[in-house]
Amino acid sequence: MRDVRGDFPIPSRTFAGRPLVYLDNAATSQKPRAVLQAMQRFYEQSNANAHRGVYRLAEEASAALEGAREAVRRFIGAADAAEVVFTRGTTESINLVAQGWAARRLRQEDELVVTELEHHSNFLPWQRVAQQTGAKLRVLPVDFLGAPQFDELGAHTKLLAFSQVSNVLGTILPAKRLIQAARARGAAVLIDAAQSVPHLPLSVQDLDCDFLAFSSHKMLGPTGIGVLWARRDRLEETEPLLLGGGMVREASVEHSTWLAAPQKFEAGTQPIAEAVGLRAAIEYLETLGMDAVEKHARELSSHAVRQLSQVPGVRVHAALAERAAVVSFQVDGAHPHDVAASLDQHAICVRAGHHCAQPLMRKLSVAGTVRASIQIYNTLAEIDLLAAALAEL
Amino acid sequence: MNLYGEKIADHAKHPRNQGSLERPDATHEGVNPLCGDRLRLQLQLVDGRIAAVRFQAEACMVSIGAASILSELLPGLSVAEARAVSRETLLSSLGTELRPSRIGCALLSLQVLQAALA
């Protein structure tokens, strides 16, 4: 992959004379100038509300929004851009499926299944659905490499929801085998792709899932926009959560009807500039090539596992597992927050804490971990700086 | 590693009043929702005043250090006085200026104290 470092403003910052080492990309990624400029250009030249006005400027804004939808479709290998719904992010996407689809369809005898390593955003919405419907929420245990045990899936399983890449361990789950196991039992599948879409080539048609959720801001795009992709028949089964302008076919005092997907889920003015930014991020990643992006993530995370494992007192979680762009570890005798604060003295940004995955923390018997996560602008030398700083603790 | 000043470092490494009381008059356990850190505080009262304080924590140095420092401020105070201990009092007792992201760590012990006396 070509040297992309110069495309990103923030990784060139320094703190007290030390170059910033940003390794908190699983929380949010930095943005390339191409994304910032595309958004600026939209506001300077094409800003108007989308799908409202009949004047030419409004048509440009509508085309900007729909152009972004088409870019998403292509990027995730979807059959039809109408299956791409814009949301505020992964969290909203999952909540939309939970309340708009699952809460309306599940019965007391049904089961919802998640894995033990889910982020709270792929756990709490299902917990609520279980409380609302009386359905049972089952949690697939994961082994020491973070692989879930499938045999818990049963005939009553109506939905399996799992993250393709763990936001804590960085491990890549066997998505296809999980989907096949769920399919064999007639269950629908939701993939939390927040940590996989930024780093792995992916096709929803190839995966054969029902729902896929992700955020723009972890994949070099702006905050405030994300995606729910769902197969057309699933979108038809889903009711919107937000009602208002732009989603209604016909409104009357007695009865109102909705537009078809995706519009029925997009009430109110959409984040058009953010959609433009997301499209620019997608095109930036496509130019690099997702195979090269994945190779870079795997190379740096393997290097991190090797280097950190050699630091006395450092224990890497799921060290042997196949992973994407995240490495989580403990430092003997030091609380994760204190490790992170200490690394900040070296201008190294890592995350410490439970990473919104408290059930997994209980499994690992830790209150929290230290997490380093990678993006395309990170270098092997930065991983070495992290290892050296940990050795100095 | 001395990021948080001598006083917090000293209290975090050698916490005062760590442990538990056999017959506490008040016990409360609280969690820092940001990081999952957990702290339990126990109080023994004699004639309406705090006679003994013990705490146990699974927490970072700032949380433990602040809890230890707070535990030394409390003995002798009436319940009303202990309830009224302000965040400024605790933060100014830490011997250092914490960064904004760590103030919540220090205040966990104070929140647990206030809940224990509520």
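Residues numbered from 1 in each chain as written. Chains lettered and ligands numbered in written order. Predicted model: local features only at pLDDT ≥ 70, side-chain atom pairs only at ≥ 80, totals over all residues. Heavy atoms only, no water.

### Some details on the interface of chain A and chain B
Each partner contributes to the interface: chain A provides 12 residues, whereas chain B provides 15 residues. Carbon and sulfur atoms make up 55% of the area that chain A and chain B hide from each other, which totals about 1,100 Å². Its largest share of buried area at the contact with chain B, chain A owes to H335(A), H337(A) and D338(A), together 44% of the area lost on that side. At the junction of chain A with chain B, the criterion picks out 2 salt bridges. Two residues, D338(A) and R102(B), come together in a salt bridge whose shortest N-O distance is 3.4 Å. Along the contact surface separating chain A from chain B lie 8 residue pairs in polar contact (both at pLDDT 80 or more). (Contact = heavy atoms within 4.5 Å. Buried area = accessible area lost by both parts, 1.4 Å probe. Salt bridge = Lys/Arg side-chain N within 4 Å of Asp/Glu carboxyl O. Polar contact = N/O pair within 3.5 Å; in protein donor to acceptor, adjacent residues only side chain to side chain.)

### Digging into helix α4 (residues 124–133) of chain A
Residues and elements named next belong to chain A. Of all the residues in α4, the buried ones are P125, W126, V129, A130 and T133. In a view along the axis of α4, the buried residues occupy a sector of 140°, so they form one face of it. Turned more than 90 degrees off the buried face of α4, the exposed positions are R128 and Q131. Buried residues in α4 make contact with α3 (90–105), β5 (111–115), β6 (136–140), β7 (157–163) and β8 (188–192). (Buried < 20%, exposed > 50% of the residue type's maximum accessible area, 1.4 Å probe, protein only. Helix = DSSP H or I, 4+ residues; strand = E, 2+ residues; numbered from the N terminus. Arc of directions from axis to C-beta.)

### What about the sheet that holds strand β1 (residues 26–31) of chain B?
Residue and element names in this part refer to chain B. The strand order across the open sheet formed by 3 strands is β1-β2-β3, and the pairing between neighbours is antiparallel. A strand with exactly one partner marks an edge of an open sheet, and here the two such strands are β1 and β3 (49–58). This sheet shows a mean twist of 15° between the axes of neighbouring strands, independent of strand direction. Examined bridge by bridge, β1 and strand β2 (residues 38–46) share 6 bridges and lie antiparallel to one another. What sits directly across from E29, in β2, is R40. Strand contacts of helix α2 (residues 61–73): β2 and β3, with the helix running at about 170° to β3, the strand carrying the most contacts. (Pairing = 2+ DSSP bridges. Axes fitted to C-alpha atoms, helices over the stretch in contact; angles between N-to-C directions.)

### Section: the sheet that holds strand β9 (residues 211–215) of chain A
All names here are of chain A. Reading across from one edge, β4-β10-β9-β8-β7-β5-β6 is the order of the 7 strands in this open sheet, with mixed pairing throughout. A strand with exactly one partner marks an edge of an open sheet, and here the two such strands are β4 (84–87) and β6. Taking the axes of each pair of neighbouring strands and ignoring which way they run, one obtains an average angle of 20° across the sheet. α3 contacts β4, β7, β8, β9 and β10 (226–230) of the sheet and is inclined by roughly 150° relative to β9. Each of β5, β6, β7 and β8 touches α4; the most contacted strand, β5, lies at about 160° to it.

### Some remarks on the pattern of salt bridges
All names here are of chain A. In the structure shown here, the tally under the stated rule is 30 salt bridges over all chains. Here R298 and E294 are joined by a salt bridge, their closest N and O atoms 2.8 Å apart. Residue R298 and its partner E294 are both found in helix α9 (residues 290–309); the two are separated by 4 residues, about one turn of the helix. One network of salt bridges, in which partners are shared, links R105, R183, D208, D210, R231, D233, R234 and E237.

### Quick word on the environment of V62(B)
Along the polypeptide, V62(B) turns up in helix α2. Once you skip the residues sitting within four places of it in the chain, V62(B) turns out to touch D338(A), Y4(B), I8(B), L98(B), R102(B), C105(B) and A106(B).

### Notes on the layout of surface pockets
Taken as a whole, the largest pocket encloses approximately 480 Å³ of empty space. Lining the largest pocket are 19 residues; nearest its centre among them are H337(A), A341(A), R99(B), S101(B) and R102(B). Put simply, the parts of the chain that give the lining of the largest pocket at least two residues each are α10 (336–344), β15 (348–349) and β16 (351–353) of chain A together with α5 (100–116) of chain B. Broken down by element, the residue count for the lining of the largest pocket peaks at 4 residues, all from α10(A). Residue composition of the lining of the largest pocket, by class: 10 nonpolar, 4 polar and 5 charged. Roughly 370 Å³ of internal volume is contained in the second largest pocket. V366(A), A367(A), G368(A), G36(B) and E58(B) are, among the 16 residues lining the second largest pocket, the residues nearest its centre. For the lining of the second largest pocket, the element with the most residues is helix α11 (residues 358–364) of chain A, which contributes 3 residues. Among the residues making up the lining of the second largest pocket, the classes are represented as 6 nonpolar, 7 polar and 3 charged. (1 Å grid on protein atoms, 1.4 Å probe; cavity = no way out; pocket = protein on both sides within 12 Å on 5 of 7 lines; lining within 4 Å. Points joined across faces, edges and corners; volume = space filled by probe spheres on them. Nonpolar A, V, L, I, M, F, W, Y, C, P; charged D, E, K, R; others polar.)

### Overview of the pairing of strand β11 (residues 248–251) of chain A
Residues and elements named next belong to chain A. In the sheet, β11 pairs with strand β12 (residues 256–258) via 3 bridges, with the strands oriented antiparallel. Its bridge partner being in β12, E250 is matched across the sheet by T257. Between β11 and β12, which pair antiparallel and follow one another directly, the connecting turn spans 4 residues.

### Concerning the packing of aromatic side chains
Residues and elements named next belong to chain A. This model, assessed by the stated rule, comprises 4 aromatic pairs over all chains. Measuring from ring centre to ring centre gives 5.4 Å for W101 and F211, while their planes differ by 65°; the resulting arrangement is edge-to-face. Remark: F211 occurs in strand β9 and W101 occurs in helix α3; sequence separation between them is 110 residues. By relative accessible area, which is 0% here, F211 ends up buried. An aromatic cluster of three or more residues is present, and its members are F8, Y284 and Y377. (Phe/Tyr/Trp six-rings, centres within 6.5 Å; stacked < 30°, edge-to-face > 60°.)

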